[in-house]
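# Observations on the three-dimensional arrangement
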Amino acid sequence: MASGKLIVITGPSGVGKGTIVRSLIQTYSQLHLSVSATTRKPRPGEIDGRDYYFLNRDEFQLAIVEGEFLEWAEYAGNYYGTPQTNIQELIDGGKWVLLEIELVGARIVSEIFPDALKIFLLPPSMAELEARLRRRGKDPESAIEKRLHRAKEEIAASEEFEVRIVNQDLKTAIDEVAQVIFDN
Ligand code: 5GP
């Protein structure tokens, strides 16, 4: 059986992680995206169980206490976590498991899975990141401010990642991420 692996994709909000990951999942059937839990309210079009498991704060805290998360972190006023469920089993079963998570969670995962492939996506510039967050129009102004603040901290830590890819052009970035995944 082909061997499985864990791939962690991190980068600031607005860099295009979600778009890149969705494209990879649609193209490569061996990739399996882990669906996270969050206390953030669903954005228009997001579906519970597909985009996230949407929990309230009490439910999320209970899940923490019950050890249901592989990792969790607070991000821009909400909680996000990777369900523990069956990640190891999926890897053992030959799956290529993709986590799309922020920096704090990525650090925890790399402690638990030192062999995980860690990819950091960078914007061409802070100005372009801000423009993308605003163009996307999915978050209120207060959330955009928090995300930009966090983006600076995340980008400053990007050297912790073995692979760094600049998302200047979406198609090129998707191809570069795919190549790294298949080469490692
Ligand atoms: P968004 O609200 O834009 O969907 O996600 C905000 C941030 O949380 C993004 O950087 C996203 O990658 C991250 N995120 C999503 N799911 C998880 C998770 O399970 N754990 C952690 N640590 N971060 C997550």
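Residues numbered from 1 in each chain as written. Predicted model: local features only at pLDDT ≥ 70, side-chain atom pairs only at ≥ 80, totals over all residues. Heavy atoms only, no water.

Before going further, it helps to spend a moment on the overall build of the protein chain. Of regular secondary structure, the protein chain possesses seven helices and nine strands. For 184 residues, the compact-globule estimate of 2.2 N^0.38 gives 16 Å, and the protein chain sits close to it at 16 Å. In terms of its C-alpha atoms, the protein chain occupies a principal-axis envelope of roughly 45 × 40 × 30 Å. With 184 residues in all, the protein chain has 47% of them scored as buried. Within the protein chain, residue pairs in contact and separated by at least 24 positions form 68% of the contacts whose partners lie at least 6 positions apart. Approximately 9600 Å² of the protein chain is accessible, and the part contributed by carbon and sulfur atoms is 51%. Separation between the mean location of the 22 positive side-chain charges and that of the 29 negative ones in the protein chain comes to 6 Å. (Helix = DSSP H or I, 4+ residues; strand = E, 2+ residues; numbered from the N terminus. Rg over C-alpha atoms; globule rule 2.2 N^0.38 Å. Buried < 20%, exposed > 50% of the residue type's maximum accessible area, 1.4 Å probe, protein only. Contact = heavy atoms within 4.5 Å. Areas by Shrake-Rupley, 256 points an atom, 1.4 Å probe, with all protein chains shown as cover. Lys, Arg positive; Asp, Glu negative; His and termini not counted. Charge placed at Lys NZ, Arg CZ, Asp CG, Glu CD.)

This next bit is on the sheet that holds strand 5 (residues 69–75). Within the open sheet, the four strands sit side by side as 4-3-6-5. Their pairing is mixed. At either end of the open sheet lies a strand with only one pairing partner, and these are strand 4 (53–54) and strand 5. Sheet topology note: the strand 5/strand 6 (residues 78–83) ladder contains six bridges and is antiparallel. When the bridges of strand 6 are listed, Tyr-75 appears paired with Asn-78. (Pairing = 2+ DSSP bridges.)

Quick look at the site of the ligand now. Neighbouring residues of the ligand: 16 residues in total, closest Ser-36, Arg-40, Tyr-52, Tyr-80 and Glu-102. Tyr-52 is positioned with one of its side-chain polar atoms (N or O) 2.5 Å from an oxygen atom of the ligand. The side chain of Tyr-80 places a nitrogen or oxygen atom 2.5 Å from an oxygen atom of the ligand. The protein chains hide 96% of the 510 Å² of surface that the ligand would expose on its own. Elements with a minimum of two residues in the shell around the ligand: strand 5 and strand 6. Here the residues of the shell around the ligand are counted per class, giving five nonpolar, four polar and seven charged. (Near = heavy atom within 4 Å. Polar contact = N/O pair within 3.5 Å; in protein donor to acceptor, adjacent residues only side chain to side chain. Nonpolar A, V, L, I, M, F, W, Y, C, P; charged D, E, K, R; others polar.)

An α-helical segment advances 3.6 residues per turn. Residues three or four places apart therefore align on the same side. Among all positions in helix 5 (residues 126–136), only Leu-129, Arg-132 and Leu-133 are buried. Buried residues in helix 5, looked at end-on, bunch into an arc of 100°, giving them a common side. Set apart from the buried face of helix 5 by more than 90 degrees, the exposed residues are Ala-127 and Arg-135. Buried residues along helix 5 sit against helix 6 (141–156). (Arc of directions from axis to C-beta.)

Here we come to the packing of helix 5 against helix 6. For any two helices packed against each other, the geometry is given by the interaxial angle and the distance between the axes. At a closest axis distance of 11 Å, the pairing of helix 5 and helix 6 adopts a crossing angle of 150°. Relative to helix 6, the element helix 5 lies roughly antiparallel. As helix 5 runs across helix 6, the sense of the crossing is right-handed. Contact with helix 5, carried on its side by Met-126, Leu-129, Glu-130, Leu-133, Arg-134 and Arg-136, involves Glu-141, Ile-144, Glu-145, Arg-147, Leu-148, Ala-151, Lys-152 and Ile-155 of helix 6 and no other residues of that element. The residue inventory of the contact of helix 5 with helix 6, partitioned by class, reads seven nonpolar, no polar and seven charged. (Axes fitted to C-alpha atoms, helices over the stretch in contact; angles between N-to-C directions. Parallel < 35°, antiparallel > 145°, perpendicular 65-115°, else oblique. Left-handed = near helix turned anticlockwise from the far one by under 90°.)

The geometry of two aromatic rings is summed up by the distance between their centres and the angle between their planes. With the rule as written, the count across this model stands at nine aromatic pairs. Ring centres of Phe-60 and Tyr-79 lie 5.4 Å apart, and the angle between their planes is 20°; this geometry places the pair in the stacked category. Here Phe-60, found in helix 2 (residues 57–65), pairs with Tyr-79, found in strand 6; they are 19 residues apart in sequence, far enough to count as distant. According to the relative accessible area criterion, Tyr-79 is buried, its value standing at 14%. Clustering of aromatic rings is evident, with ring pairs tying together Tyr-52, Phe-54, Tyr-75 and Tyr-80. (Phe/Tyr/Trp six-rings, centres within 6.5 Å; stacked < 30°, edge-to-face > 60°.)

Now for helix 1 (residues 17–27). Listing the buried residues of helix 1 in full gives Lys-17, Ile-20, Val-21 and Leu-24. Mapping the buried residues of helix 1 onto a view down its axis gives an arc of 95°, with all of them on the same face. Among the structural elements, strand 1 (5–10), strand 2 (31–33), strand 7 (96–100), strand 8 (117–122) and helix 7 (170–183) are those in contact with the buried residues of helix 1.

Scope: geometric values only; no functional claims are made or implied.
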